[in-house]
Amino acid sequence: MDFKEKLMQSPLYRKASHWYYGLSGRDQNALKLLTVAVVLTLLYLLVWVPSQRFVESAERDLERQSAQVAWMKQNEAVARQLASRSSPTAPAGLQGQSLLSVVSNAARQHSIDLRRFEPEGDSRIRVWLEKVSFNQMLLWLDTLNKEYGIQTEQIAVDRDANPGIVTARLTLSL
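Computed from a predicted model, the values in this text were never measured in an experiment.

*Asks:* Could you give an account of the side chain of Ser 173, with specific residues and numbers?
*Replies:* Structurally, the position occupied by Ser 173 is in strand β4 (residues 165–173). Separated by 2.7 Å, the side chains of Ser 173 and Glu 153 make a polar contact.

Printed below as a string of structure tokens:
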């Protein structure tokens with residue numbers, strides 16, 4: 001027995017079929033039209049609307065990321081200039097201070113608030129910055145490098161909605 005035969009023998013199908021064929025021809029046509037309308041509405045609400053929202057969201061993300069790339073290209077020269085400055089003398093080192101205290105003191109001098117930090121032994125530290133001036137951050141990193149010999153191992157920078165403001169995650173080491 002196949003599926004169609006099982007379906008036709010079920011009591012629910014027989015009851016629905018008896019009810020449907022008991023309707024007038026005009027009511028049957030109206031019910032068919034209503035069924036098509038409900039199916040099309042469900043397809044629209046469950047398939048078309050979510051896919052359109054996804055496309056619109058993807059387009060907004062593309063625009064935002066394209067703007068971020070343009071901003072990074074615009075500030076590339078400043079970053080390279082600060083990175084290429086060479087110190088006439090060797091860095092003085094930490095002078096008996098801990099890496100954490102040197103990093104936090106230099107940040108305070110540059111008006112940078114360390115949102116979070118995680119020391120990794122005596123020679124590495126991870127630092128999180130939120131809503132800081134990009135130029136101030138570069139000057140701070142330049143000071144750490146030239147005065148204390150602290151290197152930036154990793155950096156991830158996200159642009160804020162305000163021009164020139166960034167959120168960054170850095171790994172600094174001796």
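So that's the structure; there's more coming.
*Asks:* How would you summarise the sheet that holds β4 if you had to cite specific residues and measurements?
*Replies:* Judged by pairing direction, the sheet is antiparallel, and its 4 strands sit side by side in the order β1-β2-β4-β3 without closing on themselves. The outermost strands of the open sheet, each flanked by one partner alone, are β1 (114–120) and β3 (151–159). Within this sheet the neighbouring strands show an average axis-to-axis angle of 15°, counted without direction. Across 8 bridges, β3 lies against β4 in antiparallel orientation. By the bridge assignment, Asp 158 is partnered in β4 with Thr 167. Relative to β3, helix α3 (residues 25–74) is tilted by about 135°, and along the sheet it contacts β3 and β4. In the packing of helix α6 (residues 134–148) onto the sheet, the strands contacted are β1, β2 (124–133), β3 and β4, and the crossing angle to β2 comes to about 150°.

*Asks:* Lay out the pattern of salt bridges with the relevant residues and their values.
*Replies:* A complete count under the given rule lists 11 salt bridges for this structure. Note that Glu 118 and Arg 116 form a salt bridge whose closest N and O atoms lie 2.4 Å from each other. Residue classification places Glu 118 among the partly exposed positions, given a relative accessible area of 28%.

*Asks:* Explain the pairing of β4 to me, using residue names and the numbers behind them.
*Replies:* For a regular strand, side-chain orientation follows a simple rule: the groups alternate between the two sheet faces. Bridging between β2 and β4 involves 8 bridges; their strand directions are antiparallel. Pairing of Arg 124 across the sheet is with Ser 173, part of β4. From the end of β3 to the start of β4, which pair antiparallel, there are 5 residues, and Gly 164 there has a positive phi angle of about 80°.

*Asks:* Summarise the nonpolar core; cite the residues concerned and give the values.
*Replies:* By size, the foremost hydrophobic cluster in this structure holds 25 residues, and its most contacted members are Val 103, Val 127, Leu 129, Met 137, Trp 140, Leu 144 and Leu 172. Of all the secondary structure elements, the ones that give two or more residues to this core are α5 (99–109), β2, α6 and β4. With 7 residues, the top contributor of residues to this core is α6. Ignoring sequence-local partners within four residues, the contact set of Leu 129 consists of Ile 112, Asp 113, Leu 114, Met 137, Trp 140, Thr 167, Ala 168 and Leu 170.

Conventions and cut-offs
- Residues numbered from 1 in each chain as written.
- Predicted model: local features only at pLDDT ≥ 70, side-chain atom pairs only at ≥ 80, totals over all residues.
- Heavy atoms only, no water.
- Helix = DSSP H or I, 4+ residues; strand = E, 2+ residues; numbered from the N terminus.
- Polar contact = N/O pair within 3.5 Å; in protein donor to acceptor, adjacent residues only side chain to side chain.
- Pairing = 2+ DSSP bridges.
- Axes fitted to C-alpha atoms, helices over the stretch in contact; angles between N-to-C directions.
- Contact = heavy atoms within 4.5 Å.
- Salt bridge = Lys/Arg side-chain N within 4 Å of Asp/Glu carboxyl O.
- Buried < 20%, exposed > 50% of the residue type's maximum accessible area, 1.4 Å probe, protein only.
- Core = buried A, V, L, I, M, F, W, Y, C linked by side-chain atoms within 4.5 Å.

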